[in-house]
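Now for the letters of each chain:
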Amino acid sequence: MLEDKFGRRFHYLRLSITDVCNFRCDYCLPDGYACDSDRNFLSVSEIQTLVKGFAALGTSKVRITGGEPSLRKDLAEIIKNCANTPGIEHVAMTTNGYKLESNIQTWVDAGLDSLNVSIDSLDPRMFQSITGHDSLDSILTGIDKALALGVKVKVNVVLMKQYNAAEFSQFLNWVKSTPISLRFIELMQTGDNLTFFQENHVSGLPFKEQLLESGWSQLIRSKTAGPAQEFYHPDSEGRIGLIMPYSKDFCGTCNRLRVSAIGKLHLCLFAEQGLDIRASLQSADSIELQKQLSSLLSDKEATHWLQDGYTGGTKHLAMLGG
Ligand code: SAM
Ligand code: SF4
């Protein structure tokens, strides 16, 4: 098992397969995707070597992310390869949902177990204003389809003061009759979004208080749980999660490592740089990869420095997948 010097164990790989995105979320790519970086993305066979190497070191869950992962034509093949790798028990994907309604069946047939879908507003006009796309209805239909197919669905909502903070109750109402886990994520500062961050960041703590005051109870975290604090309510089919990266001890439960679409290992979402592991992927050398991973992990730091405004080399989260 991959374990760092702070005793944290890493059983979860977040793999970006492209940094291209068709949306223009105000906090991420407000001017849309700029084709200014290396687009020589990992091939299916490189991904196979990567996942095999991680699985041999104890990784049991892979999340496919991006940019927008569904823009890759070979996505189903990638899902299938991950799902068929011995040791991988769970294949998840994070998507903006643009192709969800039309493609969910294909992804499930390929072996997808769960989905995170980003929906920052339940008001179609606000949704369009944030993302640049009038596709809320189709995404909601896609979620219903995914649920009917037995896929576990989480919905990510980035909290933004001037956009959706006032929609909190509307989201709670939706979850009442929809068996999803809806997670509010505190807006994070990145290299490119300082002004937007300063104007829109809100702490999740008042929302936590609001939940507790209105009959929601906090679930006890399992040992392998991620960073979300989760809440349930007896009258609600769905659950609520809060992801508060600016809160104390957030990094203590870190259980994930990230690999970018060009084959760089990122020890933290806000690391200064990615570490090159592509050569062992290109030569399909899973043993060399395992040696590299074990050795590189010794540089993982105890925490990010986001609270000090330090965002490392991360210009925006489409670079790495969040
Ligand atoms: N395009 C896909 C999507 O939007 O779901 C996957 C990639 S996106 C970078 C992954 C997640 O990161 C999304 O839920 C998105 O809302 C979130 N995200 C992006 N930028 C963020 C920021 N600055 N702060 C907090 N969350 C952010
Ligand atoms: Fe694209 Fe996701 Fe970034 Fe929105 S959050 S611009 S959908 S990568």
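Treat the numbers as computed from the prediction; the structure is a model and nothing was measured. Residue positions are counted from 1 within each chain, in the order its sequence is given. Each chain takes a letter, starting from A, and each ligand takes a number, starting from 1, following the order in which they are written. Local features in this predicted model are restricted to residues whose pLDDT is 70 or higher, and side-chain atom pairs enter the listing and the counts only when it is 80 or higher, whereas totals over whole chains, interfaces and linings include all residues. Excluding hydrogens and water, the side-chain figures rest on all heavy atoms present in the structure.

For the rest of this paragraph, the subject is the pattern of salt bridges. Here a salt bridge means any side-chain nitrogen of Lys or Arg lying within 4 Å of a carboxyl oxygen belonging to Asp or Glu. A full pass over the atoms with the stated rule returns five salt bridges. We note a salt bridge from aspartate 74 to arginine 72, for which the minimum N-O separation is 2.9 Å. Overall, arginine 72 belongs to the buried group, its relative accessible area being 14%. Remark: exposure states derive from per-residue accessible area (1.4 Å probe, protein chains only) relative to the maximum for the residue type, with buried under 20%, exposed over 50%, and partly exposed in between.

What follows is about the side chain of serine 135. As for its position among the elements, serine 135 is in the loop between α4 (124-131) and α5 (136-148). Relative accessible area serves as the criterion here: at 9%, serine 135 is assigned to the buried category. Among all residues touching serine 135, those that are not within four sequence positions of it are Phe23, Tyr98 and Phe127. Helix and strand assignments come from DSSP, with helices taken as H or I runs of at least 4 residues and strands as E runs of at least 2, each series counted from the N terminus. Should any heavy atoms of two residues lie within 4.5 Å, those residues are considered in contact.

Here we take up the sheet that holds strand β1 (residues 12-16). The twelve strands are arranged β7-β8-β9-β6-β5-β4-β3-β2-β1-β10-β11-β12 in an open sheet whose pairing can be described as mixed. Looking at the sheet topology across the chains shown, the edges are occupied by β7 (217-218) and β12 (275-276). Between any two strands, pairing holds if DSSP finds at least two bridges.

This part is about unusual backbone geometry. Positive phi, normally seen in glycine, also occurs at aspartate 249, with a value near 70 degrees. Assignment of secondary structure puts aspartate 249 in the loop between β9 (239-243) and β10 (256-259). Phi is positive for alanine 284, which is not a glycine, with a value near 55 degrees. Considering the arrangement of structural elements, one finds alanine 284 in the loop between α9 (278-282) and α10 (286-296).

Counting residues in hydrophobic clusters, the biggest one holds 83 residues, and the most contacted among them are Ile64, Ile119, Ile143, Leu182 and Leu265. Among the elements that line this core, the one with the most residues is helix α1 (residues 44-56), at six residues. The criterion is simple. A nonpolar core is a set of buried Ala, Val, Leu, Ile, Met, Phe, Trp, Tyr and Cys residues joined through side-chain atoms within 4.5 Å. If you look at the next biggest cluster of nonpolar residues, it comprises eleven residues, including Met188, Ile243, Phe250 and Leu269.

Turning next to the environment of arginine 9. Position of arginine 9 among the secondary structure elements: in the segment before β1. What makes arginine 9 partly exposed here is its relative accessible area of 47%. Expressed as a C-alpha distance, the spacing of arginine 9 and threonine 311, which sit 302 residues apart in the sequence, is 24 Å. When neighbours within four sequence positions are excluded, arginine 9 is seen to be in contact with Met1, Leu2, Glu3, Cys254 and Asn255. For this analysis, a polar contact is any N or O atom pair within 3.5 Å, provided that within protein one partner can donate a hydrogen and the other can accept it, and provided that sequence-adjacent residues contribute only side-chain to side-chain pairs. Within polar-contact distance, the side chain of arginine 9 engages the side chain of glutamate 3 at 3.1 Å.

Right, let's get into helix α2 (residues 75-83). All of the buried residues along α2 are Leu75, Ile78, Ile79, Asn81 and Cys82. Burial along α2 is one-sided: seen end-on, the buried residues are contained in an arc of 165 degrees. At its buried positions, α2 is contacted by α1, β2 (61-65), β3 (90-95) and α3 (100-110). This arc is taken over the directions from the axis of the helix to the C-beta atoms.

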